[in-house]
Amino acid sequence: MTTSAFLESHEAALNAFPQFRARVGDLGIHFIHVKGKGPKPFPLVVTHGWPGSVVEFTKILGPLADPAAHGGDPADAFDVVCPSMPGYGFSDHAKTPGMDAEKIAALWAELMRGLGYARFGAQGGDWGAMVSTYLGANHADCVAGI
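Residues numbered from 1 in each chain as written. Predicted model: local features only at pLDDT ≥ 70, side-chain atom pairs only at ≥ 80, totals over all residues. Heavy atoms only, no water.

**With respect to unusual backbone geometry**
And then number 1: Residues Trp50 and Pro51 are joined by a peptide bond in cis, for which omega reads 5 degrees.
And then number 2: Along the polypeptide, Pro51 turns up in the loop between β3 (42-47) and α2 (58-65).
And then number 3: Positive phi, close to 60 degrees, is recorded for Asp126, a residue that is not glycine.
And then number 4: You can see Asp126 is positioned in the loop between β5 (120-124) and α4 (127-138). (Helix = DSSP H or I, 4+ residues; strand = E, 2+ residues; numbered from the N terminus.)

Written as structure tokens, this is what we have:
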């Protein structure tokens, strides 16, 4: 497979998901947003690690958003939001020094509120685990669990 064909196949796989950019704080934040197929999907923000990206979540988006299509219970569906951290993917780079996990957690809380979610869960691995920890610690009013 040529490099061009390899890149095109990965681009097509990523473009199979609904992607957006939103102004959050003073940054443009890229995110995947897959609405759940079930009676009452629960919102979930999933944060990647370093040096990862939202691409690492493409295999779990279907089972989380549409569990019935994967042998699960539709009552277990999630509305999944996978933002690209500042400086990653199609998100803007931080404009000032000091962008850390705590500040990213505040951005995610603002993003989720902007999407209409008053309460949501958070998951993250590696650097994303720190973001999720700060979401739970500093935004318990809107985070149901991490």
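**What to know about the pattern of salt bridges**
And then number 1: Overall, the coordinates contain 2 salt bridges when judged by the stated rule.
And then number 2: Among the ionic pairs, Arg21 bridges to Asp92, the shortest N-O distance being 3.0 Å. Note that Arg21 is positioned in strand β1 (residues 19-24) and Asp92 in the loop between β4 (78-83) and α3 (101-114), a separation of 71 residues in sequence.
And then number 3: Given the relative accessible area of 46%, Arg21 is considered partly exposed.
And then number 4: Overall, Asp92 belongs to the partly exposed group, its relative accessible area being 21%.
And then number 5: Close ionic contact of Arg23 with Asp92 constitutes a salt bridge, the shortest N to O distance being 4.0 Å. Placement of the pair is Arg23 in strand β1 and Asp92 in the loop between β4 and α3, with a sequence separation of 69 residues.
And then number 6: Overall, Arg23 belongs to the exposed group, its relative accessible area being 54%.
And then number 7: In this structure, a network of salt bridges that share partners links the residues Arg21, Arg23 and Asp92. (Salt bridge = Lys/Arg side-chain N within 4 Å of Asp/Glu carboxyl O. Buried < 20%, exposed > 50% of the residue type's maximum accessible area, 1.4 Å probe, protein only.)

**Observations concerning the side chain of Asp66**
And then number 1: With respect to the helices and strands, Asp66 occurs in the loop between α2 and β4.
And then number 2: No salt bridge is formed by the buried Asp66; its nearest oppositely charged neighbour, Lys37, is found at 4.2 Å.
And then number 3: Setting aside residues up to four positions removed in sequence, Asp66 forms contacts with Lys37 and Leu61. (Lys, Arg positive; Asp, Glu negative; His and termini not counted. Contact = heavy atoms within 4.5 Å.)

**Here's the deal with α3**
And then number 1: The first and last C-alpha atoms of α3 sit 20 Å apart over 14 residues, in line with the 20 Å expected at 1.5 Å per residue.
And then number 2: At its buried positions, α3 is contacted by β1, β2 (27-34), β3, β4, β5 and α4.
And then number 3: At the C-terminal side of α3, Gly116 shows a positive phi close to 95 degrees. (Expected span 1.5 Å × (residues − 1).)

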